[in-house]
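The lines below spell out each chain.
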Amino acid sequence: MTAAVIAAAPREPSYLAYRGRYSGILGWIFSLDHKRIGVMYLIAQAVFFLVGASLGVTMRLQLMRPDNHLVQPQVYNALFTLHGVIMIFLFVIPSLSASFGNFFLPILIGAKDVSFPKLNLMSWYLFMIGAVVALMSLFTGNGPPDTGWTFYVPYSIRTSTNVVMGLTGVFIIGFSSILTGLNFITTVHRLRAPGMSWFRMPLFVWALYATAWIQVLATPILGITLALVVVERLAGVGIFDPAKGGDPILYQHLFWIYSHPAVYIMILPAMGAITEIIPTFSHRTIFGYKAIAMSSMAIALLGSLVWGHHMFVSGQSDVADITFSLLTFLVAIPSAVKVFNWTATLYKGSIVLEAPMLYALSFIFLFSIGGLTGLMQGALAVDVHLHDTAFIVGHFHYVMFGGTGFGFFAALHYWFPKMFGRSYSDKVARLAWGILFVGFNTLYFPFLILGWLGMPRRYYTYSFPQFASLEMLSTVGSWILVTGILLMVGNFLHAALKGARAEDNPWGGVTLDWKIPSPPPLENFEQIPVITQGPYDGFEGQAPR
Amino acid sequence: MSNAANLTFSQPTRHMTQETHHDYTGSKLGMWIFLVTEMLLFGGLFLVYAVYRYMHPADFHNAAQDLNVFIGTVNTCILLTSSLTMALSIATLQKGQRQAAVWLLLTTILLGIIFLVNKYFEWTAKIHHGIYPNSAEMLRFPQGEILFFGLYYVMTGLHGVHVVAGVVLLSIMVNVIRRKPCDVHVFGAASPGPAGVRRLTLTDATGHEMWTSEGIGELIDSVSVVVNYRPSEGRMRPQDYVALENCGLYWHLVDIIWIFLFPLFYLIT
Amino acid sequence: MKRDDMNADHQHHEHPAISYGKFVGVWLALLMLTALTVAASGLQLHVVGVVTAACVATLKTLLVLYIFMHLMYEERIFKIALAVGVATLAVFIALTFADFPFR
Ligand SMILES: [Cu+2]
C-alpha cells in the first residue's frame, strides 16, 4: 500500500479549509466536492431527524395515558403522517448513503470524486427542495396530510388535506435518490483506483453499490405511483378510484413494490458501515468477505420480491399471500449471513469497546430483534393477528431506528474524527450510548407487547386500563432516549467547535480512508493509490491473505 | 490540441490546472442507467395497464376502437424517422461535419413538434366528443373503458411530456454544437521562485514548443492563460460529441416507449 | 496537465462509425415492421395477433437499441444494466399477477 508515500507528502489544505471561487456559505452550497456535499446531507439529515423525533415524542405524550386529549385527533393524524414522511423520506432513505456514502465512497475506492459532481450537487438541491415542499404542506392548503406516510387510496384521493403538495415533495426527493444511485453505480464502475478489483473494494462500497441499484430500479415505480395519485386528485382519472373501476389494492402493490425494497435502501448502507467498524475494533480481517459482498447483492435482489407481505389482509389472492410469505422467509437468509459473519469476525479478535463499536454491537442486537419480529409477521396466520397493531410499529422501529439509526450513529462516531479532524469525548459518547440503548428498548419493546395484546397502531387514544402501564413505560423510554440523543448531539457540537485535533488514524483502521489526512485534502489523494491487497489486510499480527 | 498541452514556467514552479476529466464511457453509462429508470417509470404504467386489461379485456377492446389507427400509424412513422435523423446527426458530428449535424438535429426537432401537433389534434378531437377524465360522458362508460381512457391520457400524456422535454433538450444542443465543440482551458501558474526573467511556455505532448510568453516581471506572482480549443473536421474528440450522443439516447428511448404504446392502445381492436 | 491527459484517455474506446446506409436500412426495416403490425391487427387474429404485436414491438426495440443507440458496440455493463432493468420490470409484473388472476 502507498500509505507511507501519502503520509510523507507535504499537506495540502483540507477540504474544510480550501478556498475555491466562493467562500463562506457559498463555498459550501456551490461546492462540487463530494465531501462537502456529504457533510451538507449530514447536517440536513440531522436536523430532519431532530424534527421527526420531536413529532414522535409528542405522539408518545398523547398516548401516555388512556383517554388523553393532549392534542386534537386531527393533529394526531397529521403528527403520525409527518413523523413518518420526515423520518422515512428525509432521514432513513438518504440514510448513510447520501451523507457517509458521498463522503467516503470515492475515498474508499481511491478516487478524487464521484463520476458526476454537478449531478451530485443537483441531487442535494433536489433533496432540499423536496424537503421544503414536503414541509410546506404543513402550513399551506387545507392542513397537513393525514393519510399516514403510505398515502393509501382511496382515502388519499378523498381527504381534503394538503396531500398533493406532500406527494410532490416526496416525488422530488425520490428523483434526488435516483440521481445519487446513478452517480454511485457509475463511480464504482469507472473510478476505482488501479488494482482496486471488485473483490478488493471495502464492504461499505459493496453495500452502497447494491443500494444504488435498488434506488435506480425501485424508486421510479414510487414516482409514477405518487404521480398517479396526484393526477387522480387533480383530474379524477379513475385509475385508483373504486367508483370508476380503479383498484385500490393495485395502489398498494405499486406502493410496496418500491417501499419494501426501500427498507433495504435504508438498512444496507448501515450494514455496510457496521462491516467497516467491526474489523477495525476487533483488529482482525473480516470473516467471509465474499459472502458479505454477495449477501448485499442478494438482499437487493430478494428484497425486491417480497412486497406483498404488507398486504396479507388487504384482500389480495391466497396465491399471492403464500408466494410472498415464502419469499419473505428467504430474504432472511442473506441478512443472517451478515450477522453470522460479523460475529465470526469478533471471534478471537482483540475487541476494543470504543463508542463506534458499542453502537455497532447494539446494531447487531437490535437489528436481530427487528429482523426476527419481521419473520413473525411474515407468517400468514400470525400476521392476521398482528397486522396494523403496535407490534408492527415496534418491529419497524427496531429495524429502522435500532438498525439504520444506530448504524448511522455508529458511522458518525467512527468517521467523525476523519470528517472534521476533531476528536469527541469518548467518555461522554459511551455514556450517551448507554442512555440511548436503555431508552430505546424502554420505548420500543413495550410496543411489541402492546401490539401482541391488541393495541392498534395509528389510534388517537385508547380506553383500556390494561394498556396504561406499558404505554406509560414507553413514554418514559422516549424521555430517556431523548436525553441520550441530546447528550450525543452536544458531544459532537462541542467536538466540532472545541475538540482536540484528531489523528489521521485514531482507531487503527486499514482501509484507504485511514491513510489520508484528517480532514482529507480537497482531492483526497496526492497521488491515486495503487492497490495491491485486500481491503482488510494489514492489521497488526495478521498475515495478509 | 490543448488537452495534450503543457504549461510551464521556465523555472521550477508549481502549476495548477483546472481539473477537467472526460470519462466518455462513464458519462454514457450514467445516461443508460438513467434510461433504465425512465423505462421503469413507464414500466409502472405498463403494469397498471396489464392488470386492468386483464380484468376488463372486452372493455379495452371496445374502447380502443375509438382511437384513430391512421393518426397513430402516422405518428409512429414520424417518431421512427426522427430517430433516424437523430442517429444520423450524431454520426455526422462524429465526423466533424457540424453543419450537417445541425440540420439533421433541426429536422429531428421538427418531426418531434409535428408529432406533438398530431397528438394535440387527436386529444382535442377526443375532448370535443366529451371523452376526457371525469367528464359526464365518460362516467357513463363501463368501468373498463373509463380505465382505458384514463390510461390513454396518462400514458400518452407522460410520453408527450417526454417528447416536449426532448425537443427542448435538442434545441439546446443545436446551440451547443453550433458554438462548440470548443472548450476552454484555464491554466493558472504561480511561481514563488527567484526573481529574474521568467517565461511561460506552452508545449504539446511531445515537448514541442507551441508558444512562449514575454518575460514576466518579478512583481508578478501568478499568471493565468486561457486556451480555446476548437476541433477541426475529422479531429473530434469523444467529449466533443458525447452530450449530443446522450441526448440522442434519450430521444431514442422516447421512441421506444411509443413503439410499445402504439400497439397497446391503437391495435387491440 | 499530465493528470488531465490520463483522464481523457481513461480506457474509453471509440466504436467504429456506423455507415449512413445501415441507419437508413434500419429505418426502412422499422417502417416495414410497423406496416406489418398494423396489417396484422386488421386480421382479427386474437391470441396470435397479440403475440405478433409483442414480437414486432420487441424486434423494433432491439433494432433501435442495437443500431441507433449503438448498444452493440458498448461494453458489457451497458447490456447488463439494461437487462437488469428489463428483468426487474418483468418480475414486478409477474409477481403482481400472483394476485389478480387468483382472486
Ligand atoms: Cu416489507
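For clarity, every value in this text was computed on a predicted model and none was experimentally measured.

K.L.:
How should I be thinking about the overall build of chain B in this particular structure?
P.N.:
Along chain B, the regular secondary structure elements total 7 helices and 6 strands. Beginning at the N terminus, the succession of helices and strands in chain B can be written as β-β-α-α-α-α-α-α-β-β-β-β-α. Burial analysis of chain B (269 residues in total) assigns 58% to the buried set. Within chain B, residue pairs in contact and separated by at least 24 positions form 81% of the contacts whose partners lie at least 6 positions apart.

K.L.:
Looking at this structure, I do not really get the side chain of A:His253. What am I missing?
P.N.:
Looking at where A:His253 falls in the secondary structure, it is placed in helix 10 (residues 248-282). Residues within four places of A:His253 in sequence aside, it is in contact with A:Trp307, A:Met311, A:Gln316, C:Thr96, C:Asp99 and C:Phe100.

K.L.:
Whenever I open this one, the packing of aromatic side chains confuses me. Can you help?
P.N.:
The description of an aromatic ring pair rests on the distance of the ring centres and on the angle between the ring planes. Within the structure shown, the criterion is met by 75 aromatic pairs over all chains. Aromatic side chains A:Phe91 and A:Phe408 sit 5.0 Å apart centroid to centroid with 65 degrees between the ring planes, which places their arrangement in the edge-to-face category. With a gap of 317 residues between them, A:Phe91 in helix 4 (residues 73-92) and A:Phe408 in helix 15 (residues 390-420) connect regions that are remote in the sequence. Given the relative accessible area of 3%, A:Phe91 is considered buried. Given the relative accessible area of 3%, A:Phe408 is considered buried. Residues C:Phe23 and C:Phe68 carry aromatic rings whose centres are separated by 5.9 Å and whose planes lie at 50 degrees to one another, so their mutual orientation is tilted. Linking C:Phe23 in helix 2 (residues 20-42) with C:Phe68 in helix 3 (residues 47-68), this pair joins segments that are 45 residues apart in sequence. Note on C:Phe23: relative accessible area 1%, which makes it buried. Across from the ring centre of A:Phe199, 4.5 Å away, lies the NZ or CZ of A:Lys290, which sits over that ring. Sitting above the plane of the C:Tyr20 ring, B:Lys95 keeps its charged end 4.1 Å from the centroid.

K.L.:
What's the story with the interface of chain A and chain B in this structure? I'm lost.
P.N.:
Buried accessible area, meaning the area lost when the parts come together, often serves as the stated size of an interface. Every contact between the two is made by 35 residues of chain A and, on the other side, 32 residues of chain B. Carbon and sulfur atoms supply 74% of the area buried between chain A and chain B, which totals about 2,600 Å² over both sides. It is A:Arg190, A:Ile224 and A:Lys244 that lose the most area in chain A upon contact with chain B, and together they represent 20% of the buried surface on that side. Joining chain A to chain B, the criterion identifies 1 salt bridge. Between A:Arg190 and B:Asp23 there is a salt bridge, and its shortest N-O distance comes to 2.9 Å. Elements supplying a minimum of two residues to the side of chain A that touches chain B: helix 8 (163-190), helix 9 (203-235) and helix 10 of chain A. In terms of residue count, the dominant contributor to the side of chain A that touches chain B is helix 9 of chain A (9 residues). In terms of residue class, the side of chain A that touches chain B is made up of 22 nonpolar, 8 polar and 5 charged.

K.L.:
It is not clear to me how the pattern of salt bridges should be interpreted in this structure. Could you clarify?
P.N.:
Any two side chains of opposite charge can pair, on the condition that their charged atoms come close. Per the counting criterion, the structure on display carries 14 salt bridges over all chains. Of the charged contacts in the structure, one is a salt bridge between A:Arg430 and A:Asp426, with a shortest N-O distance of 2.6 Å. Remark: A:Asp426 and A:Arg430 occur in helix 16 (residues 426-453); sequence separation between them is 4 residues, near one turn of the helix. With a shortest N-O distance of 2.9 Å, C:Arg103 and C:Asp99 are connected by a salt bridge. By relative accessible area, C:Arg103 is classed as partly exposed at 46%. On the accessibility criterion, C:Asp99 (0% relative accessible area) is buried. What emerges from the salt-bridge pattern is a single network uniting A:Arg190, B:Asp23 and C:Glu75.

K.L.:
It is not clear to me how unusual backbone geometry should be interpreted in this structure. Could you clarify?
P.N.:
For residues that are not glycine, phi is negative in most cases, and the peptide bond is trans in most cases. Residues and elements named next belong to chain A. Here Val 153 and Pro 154 are connected by a cis peptide whose omega angle stands at 0 degrees. Relative to the helices and strands, Pro 154 is located in the loop between helix 6 (117-136) and helix 7 (155-158). Cis geometry is found at the peptide bond from Ser 518 to Pro 519, where omega equals -15 degrees. Despite not being glycine, Asp 67 has its phi angle at roughly 55 degrees, a positive value. If you trace the backbone, Asp 67 turns up in the loop between helix 3 (34-63) and helix 4. Taking relative accessible area as the criterion, Asp 67 reaches 43% and is therefore assigned partly exposed. Even without being glycine, Lys 348 reaches a positive phi, approximately 65 degrees. By secondary structure assignment, the location of Lys 348 is in the loop between helix 12 (318-346) and helix 13 (355-378).

Here is what the cut-offs are and how they apply
Residues numbered from 1 in each chain as written. Chains lettered and ligands numbered in written order. Predicted model: local features only at pLDDT ≥ 70, side-chain atom pairs only at ≥ 80, totals over all residues. Heavy atoms only, no water. Helix = DSSP H or I, 4+ residues; strand = E, 2+ residues; numbered from the N terminus. Buried < 20%, exposed > 50% of the residue type's maximum accessible area, 1.4 Å probe, protein only. Contact = heavy atoms within 4.5 Å. Phe/Tyr/Trp six-rings, centres within 6.5 Å; stacked < 30°, edge-to-face > 60°. Lys NZ or Arg CZ within 6 Å of the ring centre and 35° of its normal. Buried area = accessible area lost by both parts, 1.4 Å probe. Salt bridge = Lys/Arg side-chain N within 4 Å of Asp/Glu carboxyl O. Nonpolar A, V, L, I, M, F, W, Y, C, P; charged D, E, K, R; others polar.

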